[in-house]
Every structure is written in C-alpha cells, then in structure tokens.
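Spelled out, the chains give:
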Amino acid sequence: MTLNQMSLDDLLGLDRYDIDDQSHISIDHSRCELCALKPCLTVCPAAVYVWADEKVAVRYENCLECGTCTVACEGGGEGGIDWRPPRGGFGINFRYG
Amino acid sequence: MKYNLGSWAVCANLGERQTRLIVEKFDVVIVGAGPAGVTAAYLLAQAGFTVVVIERGQEPGSKNVSGGLIYAQIYEEIFPKFWEEAPVERAIAGHSVVFLGETSATAMDFRDQAVEPPYNAFSVLRAKFDPWLAAQAEEAGAMVMPGFTVDDLLIENGRVCGVKAGGDELYADVVIVAEGTRSQLLKQAGLRDDFQPKDVSIGIKEVIQLPEQTITDRFQCLTAEEGAAYTLVGHTAGAEGGGFIYTNRDTLSLGVVAKIDSVYKSKKQPHEILNEFKSHPFVARLIHGGEVVEYSAQTVHRGGFHLIPQLYGDGYVVVGSAARLLLNNVMTLRGMDVAVASAAAAAKAVIDAKEKDDFSAAGLASYEQHFKKTSVYKDMQTFKDVYPLLENKRLFNAYPEMVCAIMEDMFSVGTQPGKKGYRALRDQMKENDISFWEMAKDLYQIGKGVAI
C-alpha cells in the first residue's frame, strides 16, 4: 500500500481508543431537519456523522475529539449536535499527538 | 511525589473508572493539563497555593494534538534548560516556505549554523512532552488528576466557585480554565460566543515513521538532534489553508490546517484533502518509504484580538487556546508558547488576588496587564494586520500556482520562445484572472501584514 492511498478506515485503524458503551454525542434531529447544508457530513475528519435512513447517524466510537463538528454546527448549521467530552479516560488515546 | 494538600484527603477507587474526589476545597482548580494549565499549576504550587489539575485524558497529553513546534524562549524562562531533560524531538535548524503548484514546487529555505543553546524552537510530540511538563508541576507540589472529565463549572450567585467532575463538586477560590480550543465549559456556562467556521481551522495530521538517519539526511540535518520545519502553501484541494511537515526523531509530523468553512465548501472530506496534499510530488518525496503510525485532528483558532473572549471574571481566568489565544503570522502558528505566556500572566494575577483576598473579576483584573507585558503579546500586536490576509483566497490557491508557473517559464527550454519574468507574470495574471489592481492590493496587504 502506498502512503497516499490510505482509506479513512485504514487511518482510523491506526489509532487507539478506549470506547465507552455510551455515546458522548447526541443529535437533535428536529434541528437537523432545518439544516440544508449539513456541514457535519463533510467536515468530520473521522466521518463520525453519516447520512443513513434519512437522518444523521453518529459513529461516536471513531471520534478524534477535535471539535470541528461543533464549530461547523454552531456557526454553519442549526446547532443539532450536542457534543460533550467522553467520560474521564474514555475516547481517543493518542500515542504521539 | 509530595502534595501541598495539608489535611485534604484524596480517596481513589481505581477499580471503577469514576474515582471519587473527597476534597472540600483547593485554592486553585485547573481544568486541563496542557502547557497552559500545567504552567499555571507549576507557578502557583511554587508560590504555596494548593492546586489540583483535572485532566480528562488517561495521561496528560493523551488528548492533545499540535502541529508540533514549541518556541523555546518562554519555556526557558519558566523551566530553565528544559531541553536537557524534556522529551523534545529535534531542535529546529531550518525553516522552509514552499509554494506548491499542480505538480511543481518553489521553495525558500532559511538555514542557520548548527543549532545551539538557547534554542529557538523544538519539534515535540504531545503524548510524550505533556507528561514531562505535568511532572514538573507535580514536583512543585501541584496535584495532577488524569482520567477525570470536568462536566461543568460550578457557579453560585453569578460567581465561578469550583467545578463538577465525576459526580463530585470541587470548590476553589479560583478556577483556571485551560481546557483547550473547544472551550466546552465556557460554552456551557454561557461565558463565550458561538464560534464561526471562518474563524476556526481544522488541523488534520499524520505521524509518519521513517528511520532516524533517513530523516537526518533527507532534511539536510547534521545530526539527529537537528531538525527542519516546512510550511507549504497550495495544493490543498481548494481548502483555504496550508500544510506543514516537521521532523521528529524517527517520525515526521505532517498535516494540513484549513478553515472549517472552506472545508465544507470544498465538498472534500478532511482526509481527502490530506491525501491530495500528500500526493504532491514535493511532499511525496519527503515522506517516501514512511509508514503512517497515527492519524489525528484538532481545531485551531485563527488568532486575532477581536476574537479573544473576556479573559477573566468572578472566580475564574481563561488561559491558552481556551481563550482563543494564538499567534498567526501566516508562516508560523504559535499556540503552545502563547499558552504558557498567558498562563504565567494569569498565575501572577492569582497571586495578586490572593494578596488582596479578592478573587472577583476586579481582583483578577491584573491578568490582562501582566499578559500585555509579555513578548508574546507584543508579537501578537506586531502581526495584528495579518488577519485580512487569511481571508484572501488567492493566497492559498492562485499565487502558489503562479509562483511555480513563473519559475517553470524561467527554467524550461522548449519549442515555445522563453519569457522574461515580467512577461511570465503578466501571462500568469491573465490565466488566473487577477487584475493589476487586485495584485497591487494583495501586495499591500501582504506587506502590511507580515513585512512592513
């Protein structure tokens, strides 16, 4: 595999997570219905937000905790994303950073 | 490890993740064990305060991502000769600015002699560097508690008086908010405005492993202690921003920083932008044979005075990226030294407040004065006109292309007649639909922002 052909799944597979059994992200779908742009579907570097069954679905286990979705949603969307930090010790665990 | 806790008891039930803190009150509670939080903890513990730092990562640094350069001067002031013990990667000896065309590149290299103390900058990896920094605060008597998420600020009668973490309430005279770029607690408490996607960038990063000697040779370093930093403009799939490549010991830190609104307008996902950047021949040569070992991302504030929120209030101060403090002069983004400078200024203000026994906003107001005296703040002032440049799309796409095309004209010999510089420039302006007037305006903007 050459360096520049890595898929997102390949990349995320390199990272270490300690996954909580509860999601730290919740969605207010009524707000998402008002959102024409849905920037979350594009900007998330881990593609946590995907369009499935006519609504925004969340794959919280992949979250890199960068904060991009909340900025995009606060200022570019309708504020449907409620992102809270995972419980202490859970979530992404960078080995290099 | 000694704690300045006096009679306070700490009971940890490590069987369950939710350790319980049975402590009534500290002088200072700090949220976040990054460079800002830890610096404040270090200075205040030294001054005799009881200090606890609450960190949501399993270890300090395990949630932190940076491009990876620290500018040494402010660290040296607080942690003298830190490089002798701290796990820094390489001392930066060379800085290069590279304009990327479609497949070509034009580079401008700055090189100094072999680096020696006092160093200018180091590359670091946060998961290694931050634990060392936190250990300095612990040695000074602060308590660092990783593995806890602070859920909310504790606010009584309009005054911040502590934090809620893991079901417990922890009281303090003053809370130092050092929670990083997201400023989650300030948002929840209604203490900051919403962020606008044009004012915040996403940094997407890979750590790429290569043999130490390969990096030393490929980046023209004399030894494995010496490193190079590349800032690259262009070839970011239409997103407005730039790339970076920094040398670590046996890895490279490679990434793209791009404005969030430009990312969703580009319709490209961040990892696609990163892949496009990596596919450029100039970049591909530098990382050839390497193996990606980590993928990460982080939001980066744009910087600029008008975006800085209220830095203090009744019972709290905000430091580092949580206060959107960043120094951006297009070629360098300085966050980790600005963080330390602001934390040192805030620590002084807390000491002032203690002397007056007044932790209200008025009592903590000297934070701003102390911060304004730092060299970091003066640098922020010097580069305050840089921000209009960051709005200028031509800077990220058309100009890098043009520079490369003009160089190509100058060096290529073919069947077409050659062009002198001016003619080549004029042709390029026509091709990129840039008028003389626009070009003059842009040059003025660049001059005002970074040169004059």
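Refer to the preceding data block for the structure.
Residues numbered from 1 in each chain as written. Chains lettered and ligands numbered in written order. Predicted model: local features only at pLDDT ≥ 70, side-chain atom pairs only at ≥ 80, totals over all residues. Heavy atoms only, no water.

Focus: the packing of helix α15 (residues 398-411) of chain B against helix α16 (residues 421-431) of chain B
Residues and elements named next belong to chain B.
For step 1, the next point in the chain: For the pair α15 and α16, the least separation of the axes is 9 Å and the interaxial angle reads 140°. Our classification of the angle between α15 and α16 gives oblique. For the pair α15 and α16, the sense of crossing is right-handed. Here Met402, Ala405, Ile406 and Asp409 of α15 come into contact with α16, specifically with Ala424, Leu425, Gln428 and Met429. (Axes fitted to C-alpha atoms, helices over the stretch in contact; angles between N-to-C directions. Helix = DSSP H or I, 4+ residues; strand = E, 2+ residues; numbered from the N terminus. Parallel < 35°, antiparallel > 145°, perpendicular 65-115°, else oblique. Left-handed = near helix turned anticlockwise from the far one by under 90°. Contact = heavy atoms within 4.5 Å.)

Topic: α16 of chain B
Residue and element names in this part refer to chain B.
For step 1, the next point in the chain: Among all positions of α16, only Ala424, Asp427, Gln428 and Met429 are buried.
For step 2, the next point in the chain: For α16, the secondary structure elements touched by its buried residues are α15 and α17 (436-451).
For step 3, the next point in the chain: Just downstream of α16 lies aspartate 433, where phi reads positive at about 60°. (Buried < 20%, exposed > 50% of the residue type's maximum accessible area, 1.4 Å probe, protein only.)

A few points about the environment of glycine 141 of chain B
For step 1, the next point in the chain: Mapped onto the elements, glycine 141 of chain B comes out in the loop between α3 (126-139) and β7 (143-146).
For step 2, the next point in the chain: Spatially, the C-alpha atoms of glycine 141 of chain B and lysine 81 of chain B are 20 Å apart, while their sequence positions differ by 60 residues.

Points about α3 of chain B
Residues and elements named next belong to chain B.
For step 1, the next point in the chain: For α3, with 14 residues, the first-to-last C-alpha span of 20 Å sits near the 20 Å given by 1.5 Å per residue.
For step 2, the next point in the chain: Within α3, ten of the 14 residues are buried, which leaves the element mostly enclosed by the surrounding structure.
For step 3, the next point in the chain: Within α3, burial applies to Arg126, Ala127, Phe129, Asp130, Trp132, Leu133, Ala134, Gln136, Ala137 and Glu138.
For step 4, the next point in the chain: Tucked into the core, α3 has its buried residues touching α1 (35-46), β3 (69-71), α2 (72-78), β7 and α9 (336-356). (Expected span 1.5 Å × (residues − 1).)

Things to note about the pairing of strand β5 (residues 105-111) of chain B
All names here are of chain B.
For step 1, the next point in the chain: Alignment of strand β4 (residues 91-100) against β5, held across seven bridges, turns out to be antiparallel. Residue pairing across strands places valine 97 opposite methionine 108, the latter belonging to β5.
For step 2, the next point in the chain: Taken together, β4 and the strand that follows it, β5, pair antiparallel across an intervening segment of four residues. (Pairing = 2+ DSSP bridges.)

Remarks on the packing of α1 of chain B against α3 of chain B
All names here are of chain B.
For step 1, the next point in the chain: Packing of α1 against α3 leaves a shortest axis separation of 8 Å and a crossing angle of 15°. Here α1 is positioned roughly parallel relative to α3, judged by the angle of their axes. When you trace α1 past α3, the crossing you get is left-handed. Contacts from Pro35, Val38, Ala41 and Tyr42 of α1 reach α3 at Arg126, Asp130, Leu133, Ala134, Gln136 and Ala137.
For step 2, the next point in the chain: When grouped by side-chain class, the residues that make up the contact of α1 with α3 number seven nonpolar, one polar and two charged. (Nonpolar A, V, L, I, M, F, W, Y, C, P; charged D, E, K, R; others polar.)

Comments concerning unusual backbone geometry
Residue and element names in this part refer to chain B.
For step 1, the next point in the chain: In this structure, the amide linkage connecting proline 117 to the following residue, proline 118, adopts the cis form with an omega of -5°.
For step 2, the next point in the chain: Backbone geometry at asparagine 157 places phi at a positive 50°, although glycine is not the residue there.
For step 3, the next point in the chain: Mapped onto the fold, asparagine 157 is located in the loop between β8 (150-156) and β9 (159-165).
For step 4, the next point in the chain: Of note in the backbone geometry, lysine 267 takes a positive phi value of approximately 65° without being a glycine.
For step 5, the next point in the chain: Among the secondary structure elements, lysine 267 is positioned in the loop between α6 (260-266) and α7 (270-279).
For step 6, the next point in the chain: Lysine 267 gets classed as exposed once you look at its relative accessible area, which sits at 65%.

Description of the packing of aromatic side chains
All names here are of chain B.
For step 1, the next point in the chain: Going through the model one piece at a time under the given rule, you end up with 15 aromatic pairs over all chains.
For step 2, the next point in the chain: Summarising the aromatic geometry, the rings of phenylalanine 79 and tryptophan 132 are spaced 6.3 Å apart at their centres and angled 65° between planes, so their arrangement reads as edge-to-face. Here phenylalanine 79 is found in the loop between α2 and β4, whereas its partner tryptophan 132 is found in helix α3, with 53 residues between them in sequence. Both residues of the pair, phenylalanine 79 and tryptophan 132, count as buried.
For step 3, the next point in the chain: An aromatic cluster is present here, built from Tyr42, Tyr75, Phe79, Phe82, Trp83, Tyr119, Phe122, Phe129 and Trp132 joined pairwise through their rings. (Phe/Tyr/Trp six-rings, centres within 6.5 Å; stacked < 30°, edge-to-face > 60°.)

Focus on the interface of chain B and chain A
For step 1, the next point in the chain: Each side of the interface is counted separately: chain B has 53 residues, and chain A has 43 residues.
For step 2, the next point in the chain: Summed over both sides, the interface of chain B with chain A buries roughly 4300 Å², with 56% coming from carbon and sulfur.
For step 3, the next point in the chain: A per-residue breakdown of the area chain B buries against chain A is headed by Tyr264, Glu294 and Tyr295 of chain B, which together make up 16% of the total.
For step 4, the next point in the chain: Notably, a salt bridge pairs glutamate 65 of chain A with arginine 56 of chain B, separated by 2.7 Å at the nearest N-O pair.
For step 5, the next point in the chain: Remark: the boundary between chain B and chain A carries 27 residue pairs in polar contact (both at pLDDT 80 or more).
For step 6, the next point in the chain: With eight residues, the top contributor of residues to the side of chain B that touches chain A is strand β15 (residues 291-301) of chain B. (Buried area = accessible area lost by both parts, 1.4 Å probe. Salt bridge = Lys/Arg side-chain N within 4 Å of Asp/Glu carboxyl O. Polar contact = N/O pair within 3.5 Å; in protein donor to acceptor, adjacent residues only side chain to side chain.)

What about the side chain of threonine 39 of chain B?
All names here are of chain B.
For step 1, the next point in the chain: Positionally, threonine 39 belongs in helix α1.
For step 2, the next point in the chain: The class of threonine 39 is buried, set by a relative accessible area of 0%.
For step 3, the next point in the chain: If sequence neighbours within four positions are ignored, threonine 39 has contacts with Ile78, Phe79, Val340, Ala343 and Ala344.

In short, the description is geometric, and any link to function would need to be established separately.
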